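Coordinates in review
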Amino acid sequence: MQDKSPFFDEMLAAEDTARVPYADYHGWFSGEDLSELRKKSIEAETFFRRTGITFNVYGAAEADERLIPFDIVPRIISAREWARLTRGIEQRVRAINAFLHDIYHRQEILRAGRVPVELIARNDAFLPQMIGVAPPGGVYTHIVGIDLVRTGENEFFVLEDNARTPSGVSYMLENRETMLQMFPELFTRIKVQPVQDYPVNLRRSLAASAPTDCSPDCTVAVLTPGIHNSAYYEHAFLADQMGVELVEGHDLRITDGKVAMRTTEGYKPIDVLYRRVDDDFLDPMNFNPESTLGVPGIMDVYRAGGITIANAPGTGIADDKAIYSYMPDIVEFYTGEKAILKNVPTWRCSEPEALSYVLDNLTELVVKEVHGSGGYGMLVGPAASKKEVAAFRKKLQARPGNYIAQPTLALSTVPILTKAGLAPRHVDLRPFVQVRPDGCTITPGGLTRVALKKGSLVVNSSQGGGTKDTWVLEE
Amino acid sequence: MLGKTAGGLFWMFRYLERSENTARLIEAGFRIALTRPDGADDEWASVLQTAAVADAYHERHGEVDGAKTVDFLLRDSANSSSVLSAIAAARQNARMVRTALTREVWEAVNDTYMILKEELARPVRTRDLPEKLAMVRQQSALVRGALHGTMLRNDIFDFCRLGTFLERADNTARILDVKYYVLLPSISQIGSSLDNVQWETILRSVAGQRAYRWLNKGESSPMGIADFLIFDGRMPRSLRFAAMKIGTNLTYLEKAYGMRQPSHDQIDVLTTRLDTMTIERVFDDGLHEFITDFLTDISRLGGQIERDYRFLG
C-alpha cells in the first residue's frame, strides 16, 4: 500500500499497522510465505470447482457454469462492531415485517401520509392478491439479506434490503468451510464465531412458521426453477444441508387442499415451501399464466392457510428501491425509534427537483433502476465513459420514475491477495437474517463481496466481483 | 424420495454404465484393428451396430472408417451415446439429484466429467487411445467405489443399481445380438474352433476373456461363450447376473415401501425364464429371436419401473 488511500481500509490504519480486529491475523500473515499463500489460493479454486460451487451467468454462451472467485484474506469484524450492527439489522427487519403486514392490511402508513400512496398502488412489486392474507405465524420475510457498506470506523450504511429471495448464503458457508480446511491453525489462534448452524436453524425457523394444520414432523421443501437457474447450486446446497427435498414446479400438485410433491410412493403433502422462484412465476393461475416453474393453484392453498410460502409473495414491495428511500420513516413509524442503521442519501428521480439535481451531477452519482438487481442497468458516474453517461442521461430523461440516484460512496476496502501481495479492494457485506414468529436470528458475519478489479465499486458476482470469508470475532 | 430424484439417479447410473461399455467396445474394436488391419472395417461396422449408433454414424461420416468411428464413439457431441456425451448426461443428472448423493459420489462424477472433458477436448491420437480408454474405465470404477463406500443402503442406492443393471443387461444383449451370426453354428463350423479374433472381441468387450479362459481351459466354442454371457450367474456382465440384480433391488424397494408393483412381476417372469432355459434350446429356437425378446422385455421393464416409481409426472 504505497499511496495514502482516500478510502477507509478495514485492515490497515497505516502501512504495516493493523487495526485492532485484524491484529492477530495480520501478525500471522506477516510470518507467512507469499508464494505458499498463492498456492493455497489456487487450491481453493480447485476445491470450489470439484465441489461444483458454480453459478450460471445469464447471457453468457460459453462456460455456462462459472466460479465466483474466492479471496483467502478474511474480512474481520469485532464483536463490538457486530453487536451494534445486529441491533440495527434486527430493528430494520422488524420494521420491514410490520410494514408488509400493514401495507397488505390497513395501510396505516399511507393514511398517515408517511409513504405516498401512488408509490404502492402503481408498483409492480405490490401484489393485490396478498391483500388481507395473513401468512402463518405472521412472518412475511423468513429470510432477509441486508446489504451494508462501510465508509469509516463507525460509518455503516444500508445500501439495499433483500426481502424477496436473498441469495449467497451458500457462499458464506462454503467460504468458511474452505478456510477451515486450508488454515486450521488460524482458527485455533483466532476465535471466530461459527456460521455452520445456519441450515439447521433455517429448517427450525421455517418449521416455526408452519401452518396450524402442519403434520407433526413438518415437511419442508425447497422450490427451485431448475438446474439452469443461476443459483441452482445454492438451492441444492440448502436443501441438502437442511435434509429436505429439492422440488421443481412439475414435482408438485394440489391434492386435498395441500400442496403435495410426487414421491416414489405417491403424493406427499408439504407444509413449508422455501421457494427460490419469483412471485411472478409462482402460480400461473394467479400470476404470470405463461409460467411453467410454479404450481397452479398454490396461491389458493396459501390463502386458505394450507401452506407457508417463504418468503411470502409480495414482499418485494419492501425492498423496492423506490421504497428504500422511505426506510428511515418506515422504521420510525413501526418501532417508534430512530433507525439505528443509516440509509444512503437517495434522490428519487420521480421528483422534478431531485431529477434536475441528478442530471446536473450525473458524473458524480450512482444511478440505479428502481426494480433492477444484480448490478445490471446501473450507472456508476465517476467510472463511466462520456458516451455511457450520455446514453444513460437519455434513458433517465425518458423514464425518470424508473430511477433513483445516490452519491458515490467511499466504500471501505479490505486487502485481497494478489501476485504482489496485499492490495486494497472495495467490499460490501450481506448479513443473513432468519425470521420466526417470536424473533429473529442473525448469523454472525454474512457474505462479503469484493470488487476484484482495482478501483472498482461494483461487487456483484455477475460483474467481476468475488467473495471473502467474513469473521465476527468472539468477545 | 421424489419420483424425479429416483429417475435422475436411475438415468445417472444408466449413462455411467453406458459410457463404460462404450469405452469397452472401442477397446475391443481397436484391438481387432491392430491385429488384422485388412478386415477391420467390418469389425468397426459391427461395433457401431452394437452401440446402436450405426445410422447416426452413416449420416455424419458415410463410409466406415476406424479413426472416425473411434472419434464418433468417444467424443462426438452429436452422438448422444458417445463416452463424453454419456458422462455429461450422467453429470447433468447428478446435478439434478445432488441432494441424494454423498459429497464423495458427487465429486467422483464431477471429477470424471471435468477430467474427461479436458482429456477428450481434441481428437485422440491412436497411440494415446489405450491410455484414454483406461482412464474412462478407471473413472467409472471411482464412481462405483464412492457409491459403494459412502452411500446408505436405502431406496436411493436401489435406484442407482437398477439403472446400472438395466443398462448393462441391454448392452451385453446387444453385443450378443450383433455377434449372433458368429455364434450361430453353421454346418461348416461344427467341430471347428471359432475364429480366435471374433470371440476375443465379444469377450473383451465385456471384460470376460480371462474368466472365460479359466473356466473353459482356454477352449472356446460358440455355445460356450453364449452360455457364459447369457446364463452364468457368476459373470457380472451376464444377462442372468444383471436380471438377478434388478430383481434383488426391486425386492428391496418392495420391502422399503411395503408395496408390490407390476415391475416386480415382470422381472420375476424374466428371471424364471433365464432359470429354466438352456443354451441348447436358445440355439435351437434361434439366438437372435431370444435376444430380441430379451431386449424388448428389458425396455418394457425400464418403462414399467419409470411408471411404478413416478419418475415423470
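Residues numbered from 1 in each chain as written. Chains lettered and ligands numbered in written order. Predicted model: local features only at pLDDT ≥ 70, side-chain atom pairs only at ≥ 80, totals over all residues.

Looking only at helices and strands, chain A features 16 helices and 25 strands. Viewed in the frame of its principal axes, chain A has a C-alpha envelope of about 65 × 55 × 50 Å. Of all 475 residues assigned to chain A, the portion counted as buried reaches 43%. Within chain A, contacts between residues separated by at least 24 positions form 69% of all contacts whose residues are at least 6 apart in sequence. (Helix = DSSP H or I, 4+ residues; strand = E, 2+ residues; numbered from the N terminus. Buried ≥ 20, exposed ≤ 12 C-beta atoms within 10 Å, placed from the backbone. Contact = placed C-beta atoms within 7 Å.)

The subject of this paragraph is the overall build of chain B. When helices and strands are tallied, chain B shows 16 helices and zero strands. For a compact globule of 313 residues, the expected C-alpha radius of gyration is about 20 Å, and chain B comes in at 19 Å, within 12% of that figure. Judged by the C-alpha coordinates and their principal axes, chain B covers about 55 × 50 × 35 Å. Put simply, chain B has 313 residues, and 48% of those count as buried. When contacts within chain B are restricted to residue pairs at least 6 apart in sequence, long-range pairs at least 24 apart make up 71% of them. (Rg over C-alpha atoms; globule rule 2.2 N^0.38 Å.)

A few words now on the interface of chain A and chain B. Counting from both sides, the interface comprises 17 residues of chain A and, opposite them, 18 residues of chain B. Put simply, the parts of the chain that give the side of chain A that touches chain B at least two residues each are α2 (34–51), α9 (232–242), β9 (245–247) and β11 (258–263) of chain A. For the side of chain A that touches chain B, the per-class residue count stands at six nonpolar, five polar and six charged. (Nonpolar A, V, L, I, M, F, W, Y, C, P; charged D, E, K, R; others polar.)

Looking at chain A as a whole, the pLDDT averages 91, with 96% of positions reaching at least 70. Counting interchain partners and residues more than four positions distant, the pLDDT-below-50 stretch residues 58–63 of chain A has one contact. (pLDDT = per-residue confidence, 0-100.)

All names here are of chain A. In spatial order, the strands read β9-β8-β13-β14; together these four strands make up an open sheet with parallel pairing. A strand with exactly one partner marks an edge of an open sheet, and here the two such strands are β9 and β14 (308–310). Neighbour to neighbour, the strand axes of the sheet diverge by 25° on average, direction disregarded. In the sheet, strand β13 (residues 272–275) pairs with β14 via three bridges, with the strands oriented parallel. Following the sheet pairing, Val272 is matched in β14 by Thr308. (Pairing = 2+ DSSP bridges. Axes fitted to C-alpha atoms, helices over the stretch in contact; angles between N-to-C directions.)

Successive residues of a regular strand alternate their side chains across the two faces of the sheet. Residues and elements named next belong to chain A. Among the six residues in β11, six count as buried, and that is most of the element. In this sheet, β11 lies alongside strand β10 (residues 252–255) in antiparallel orientation, the contact comprising four bridges. Directly across from Leu252, in β11, lies its bridge partner Met261. Between the antiparallel neighbours β10 and β11 lie two residues, among them Asp256 with a positive phi of about 50°. Note: β11 against strand β12 (residues 266–270), five bridges, orientation antiparallel. Counterpart to Ala260 in the pairing with β12 is Pro269.

The subject of this paragraph is α2 of chain A. The end-to-end C-alpha distance of α2 of chain A is 26 Å, a good match for the 26 Å that 18 residues give at a rise of 1.5 Å each. Trailing α2 of chain A by a residue or two, Gly52 of chain A shows a phi angle of about 85°, which is positive. (Expected span 1.5 Å × (residues − 1).)

Once that is clear, we can look at the sheet that holds β12 of chain A. Residue and element names in this part refer to chain A. Spatial strand order, β10-β11-β12: three strands in an open sheet with antiparallel pairing. The two strands at the open ends of the sheet, each matched to only one other strand, are β10 and β12. In this sheet, neighbouring strand axes are inclined to one another by 45° on average, regardless of whether the strands run parallel or antiparallel.

Counting residues in each nonpolar core, the largest one holds 207 residues, and the members touching the most others are Ala221, Val259, Leu273 and Ala405 of chain A together with Leu9, Met12 and Ala90 of chain B. The element that contributes the greatest number of residues to this core is helix α1 (residues 3–35) of chain B, accounting for 15 residues. In this structure, Ala90 of chain B is in contact with Met12, Tyr15, Leu16, Ser19 and Val109 of chain B, ignoring residues within four places of it in sequence. (Core = buried A, V, L, I, M, F, W, Y, C linked by C-beta atoms within 7 Å.)

Turning our attention to the confidence of the model for chain B. Detailed reading of the predicted coordinates is not advisable wherever pLDDT falls low. Mean pLDDT over chain B stands at 90; residues scoring 70 or higher make up 93%. Mean pLDDT across the elements of chain B bottoms out in helix α9 (residues 180–183) of chain B (68) and peaks in helix α13 (residues 239–257) of chain B (97).

Let us now look at unusual backbone geometry. All names here are of chain A. The peptide bond linking Ala310 to Asn311 adopts the cis configuration, its omega dihedral lying at -15°. Assignment of secondary structure puts Asn311 in the loop between β14 and α12 (316–319). The backbone of Cys218 shows a phi angle near 40°, a positive value even though the residue is not glycine. Within the secondary structure layout, Cys218 lies in the loop between α8 (198–208) and β8 (220–223). Notably, Asp256 is not glycine yet its phi reads approximately 50°, a positive angle. Relative to the helices and strands, Asp256 resides in the loop between β10 and β11. Looking at Asp256, the number of C-beta atoms within 10 Å reads 8, which means it is exposed.

The subject of this paragraph is the pairing of strand β23 (residues 439–442) of chain A. Residue and element names in this part refer to chain A. Judged from the four bridges that link them, strand β22 (residues 432–436) and β23 form a sheet pairing that is antiparallel. By the bridge assignment for β23, Val435 is matched with Cys440. Connecting β22 to the next strand, β23, in antiparallel fashion are two residues.

Time to look at the packing of α13 of chain B against helix α14 (residues 262–276) of chain B. The relative placement of two packed helices is expressed as an angle between their axes plus a distance between the axes. Residues and elements named next belong to chain B. As a packed pair, α13 and α14 sit with axes 10 Å apart at the nearest point and diverge in direction by 150°. With respect to their mutual orientation, α13 and α14 come out roughly antiparallel. In the crossing of α13 with α14, the sense of the turn from one axis to the other is left-handed. Every residue of α14 that contacts α13 at Leu239, Arg240, Ala243, Met244, Ile246, Gly247, Leu250 and Glu254 is listed here: Ser263, His264, Ile267, Leu270, Thr271 and Leu274. Broken down by class, the residue content of the contact of α13 with α14 amounts to eight nonpolar, four polar and two charged. (Parallel < 35°, antiparallel > 145°, perpendicular 65-115°, else oblique. Left-handed = near helix turned anticlockwise from the far one by under 90°.)

On the secondary structure map, Asp213 of chain A appears in the loop between α8 and β8. In this structure the C-alpha to C-alpha distance between Asp213 of chain A and Lys39 of chain A, which are 174 residues apart in sequence, comes to 54 Å.

Residue and element names in this part refer to chain A. The set of residues buried in helix α14 (residues 327–335) consists of Met327, Ile330 and Val331. Burial along α14 is one-sided: seen end-on, the buried residues are contained in an arc of 100°. Downstream of α14 by a residue or two, Gly336 has a phi angle that is positive, lying close to 75°. (Arc of directions from axis to C-beta.)

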